[in-house]
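# Observations on chain architecture
Listed here are the chains, written in short residue letters.
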Amino acid sequence: MTDTVDDVDLPYDEEAASQQDKIEALRERLDVLEGQNEEMRDKLLDANAENNKYQQKLERLTHENKKLKQSPLFVATVQELTDEGVIIKQHGNNQEALTEVTEEMRSELEPDSRVAVNNSLSVVKRLDKETDVRARVMQVDHSPDVRYEDIGGLEAQMQEVRETVEMPLDRPEMFEQVGIEPPSGVLLHGPPGTGKTMLAKAVANQTDATFIKMAGSELVHKFIGEGAKLVRDLFEVARENEPAVLFIDEIDAIASKRTDSKTSGDAEVQRTMMQLLSEMDGFEERGDIRIIAATNRFDMLDPAILRPGRFDRLIEVPKPDDAGREIIFKIHTRDMNVADDVDFEALAEMASDASGADIKAVCTEAGMFAIRDDRTEIYMDDFVSAWEKISAETTDDSVSRAFA
Ligand SMILES: Nc1ncnc2c1ncn2[C@@H]1O[C@H](COP(=O)(O)OP(=O)(O)OP(=O)(O)O)[C@@H](O)[C@H]1O
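Residues numbered from 1 in each chain as written. Predicted model: local features only at pLDDT ≥ 70, side-chain atom pairs only at ≥ 80, totals over all residues. Heavy atoms only, no water.

The name that an unreviewed UniProt entry assigns to the protein chain is Proteasome-activating nucleotidase, with the source organism given as Haloplanus litoreus. Word for word, the UniProt comment on the protein chain under Subcellular location (unreviewed entry) is "Cytoplasm". Per UniProt, the protein chain carries the Sequence similarities (unreviewed entry) text "Belongs to the AAA ATPase family." (UniProt positions renumbered as here; feature names shortened; annotations may be inferred.)

Given below as structure tokens:
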């Protein structure tokens, strides 16, 4: 607390001291105060310097923390909990390491726990059980509900898929008798939402095969070190569920042209792709499993994946033409209460450049317009308004993507 002038004890006797004594005493007091002031200023400077040091340390740690959060994590398995720390074995390279963990983390771990570790092999978190990961990234559908009649405008593609996937599953003896190997893998390529997944599901449905789907991006972007193992798991699940159609969506995520960068992420993608190729090369033991892959980025694919014996049947799945769009409109309005004034040919012409998925969205939105208007019948105007809405949204979307 600062003293005010009134509170200050005077360093002399007001009544007895001479003027000279008073001046002397005040000067002495001033000297003392100046000394104290100097001392306080030094302390303040020291404190400021200390504060700066802590501030810098804080910034460094914040930066470090951010970097740790951004850098990829590796997957490892706990081998043993010892007094010195935890012994972990990294997936992918199988290297063992001893790492220290906090008491709190230690209490969560036990031998065989799967953990995520950072670049310096510190355990960042405990992961779910492997089976949970499998379930999250693989979609296993024993009876997919898509039929060929549900797909519009892709007659030629459907024919080719049937020949290459359905025939070897349904009549393998034909291939044996003729003496040729059925195509190993089929690659569907084309813009998003054009029916690639539908084709794969329909062929699985037709052949009573289990439909197993996995997205390439899930294989490599979750935790580094898992990709190759997930590919092995994927084929194992397929073998357990024969006959099976294995659908690998977004294959470009694991089979892009090689880049020169040598980051651990790239090495992981390479490992995952090599595993996929080696599973495909062991085709004879594959049995009743057909592989269909899909991509929107055909231009990005590594030619290694397209070599004979791998994805050697390429099927382009383009956006539908006028006639295709008309059929798709009819398919998606099959169960809708559509008014007589709805002209499908005109709708197909209006929705030029729409994909099958866009058309599906227009039909649902047209139904919503009717509901908002408290009607159960859908008019031509509802479809027109729906198209305007959906096409504006898709344009906004592509504009924001282009500027992202
Ligand atoms: N040719 C089509 N005929 C009928 N409906 C279609 C067609 N194409 C797409 N659709 C509709 O769009 C939805 C999405 O299609 P699908 O998932 O097959 O597209 P995709 O080509 O696999 O897309 P992506 O590349 O984005 O995975 C389907 O469930 C269906 O409702």
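Structure's up, so let's keep going.
## Focus on the packing of helix α10 (residues 322–332) against helix α12 (residues 356–372)
A pair of packed helices is characterised by two quantities: the angle between their axes and the separation of those axes. Contact geometry for α10 and α12: axes closest at 9 Å, N-to-C directions at 45 degrees. On the basis of the axis angle, α10 is oblique to α12. Between α10 and α12 the crossing geometry is right-handed. For the pair formed by α10 and α12, the contact residues are Arg325, Ile328, Phe329 and His332 on the first element and Gly356, Ile359, Lys360, Val362 and Cys363 on the second. Here the residues of the contact of α10 with α12 sort into five nonpolar, two polar and two charged. (Axes fitted to C-alpha atoms, helices over the stretch in contact; angles between N-to-C directions. Helix = DSSP H or I, 4+ residues; strand = E, 2+ residues; numbered from the N terminus. Parallel < 35°, antiparallel > 145°, perpendicular 65-115°, else oblique. Left-handed = near helix turned anticlockwise from the far one by under 90°. Contact = heavy atoms within 4.5 Å. Nonpolar A, V, L, I, M, F, W, Y, C, P; charged D, E, K, R; others polar.)

## Structural notes on the nonpolar core
Considering soluble globular proteins, one finds that nonpolar side chains tend to be buried as a cluster. In this structure, Leu246, Ile248, Ile251, Leu276 and Phe311 are the most contacted members of the largest nonpolar core, which totals 32 residues. Among the elements of the structure, β8 (210–215), α7 (216–221), α8 (227–240), β9 (244–249), α9 (264–281) and β10 (289–295) are those that each provide at least two residues to this core. Non-local contacts of leucine 246, meaning those with residues more than four positions away in its chain, are made with Ile212, Leu234, Phe235, Ala238, Ile289, Arg290, Ile291 and Ile292. (Core = buried A, V, L, I, M, F, W, Y, C linked by side-chain atoms within 4.5 Å. Buried < 20%, exposed > 50% of the residue type's maximum accessible area, 1.4 Å probe, protein only.)

## Some remarks on the packing of aromatic side chains
What the rule picks out here adds up to two aromatic pairs. Looking at arginine 372, its charged tip hangs above the ring of phenylalanine 369, at a distance of 5.0 Å from the centre. (Phe/Tyr/Trp six-rings, centres within 6.5 Å; stacked < 30°, edge-to-face > 60°. Lys NZ or Arg CZ within 6 Å of the ring centre and 35° of its normal.)

## Examining the sheet that holds strand β4 (residues 114–117)
The five strands are arranged β3-β2-β1-β4-β5 in an open sheet whose pairing can be described as antiparallel. A strand with exactly one partner marks an edge of an open sheet, and here the two such strands are β3 (96–99) and β5 (123–126). Taken over all neighbouring pairs, the strand axes of this sheet differ in orientation by 40 degrees on average, direction set aside. When β4 meets β5, the two strands line up antiparallel, connected through three bridges. Considered in β5, the bridge of valine 115 is made with arginine 126. (Pairing = 2+ DSSP bridges.)

## Topic: the sheet that holds strand β11 (residues 313–316)
Neighbouring strands of a sheet are bound in pairs by backbone hydrogen bonds; such pairs are parallel or else antiparallel. One open sheet accounts for six strands, arranged β6-β8-β9-β10-β7-β11; its pairing is mixed. Of all strands in the sheet, those bounded by a partner on one side alone are β6 (138–141) and β11. Here the average twist between neighbouring strands, direction ignored, is 20 degrees. Bridging between strand β7 (residues 185–189) and β11 involves four bridges; their strand directions are parallel. Bridged to leucine 188 within β11 is isoleucine 315. Across the sheet, helix α4 (residues 155–170) touches β7, β9, β10 and β11, and the angle it forms with β11 is around 145 degrees.

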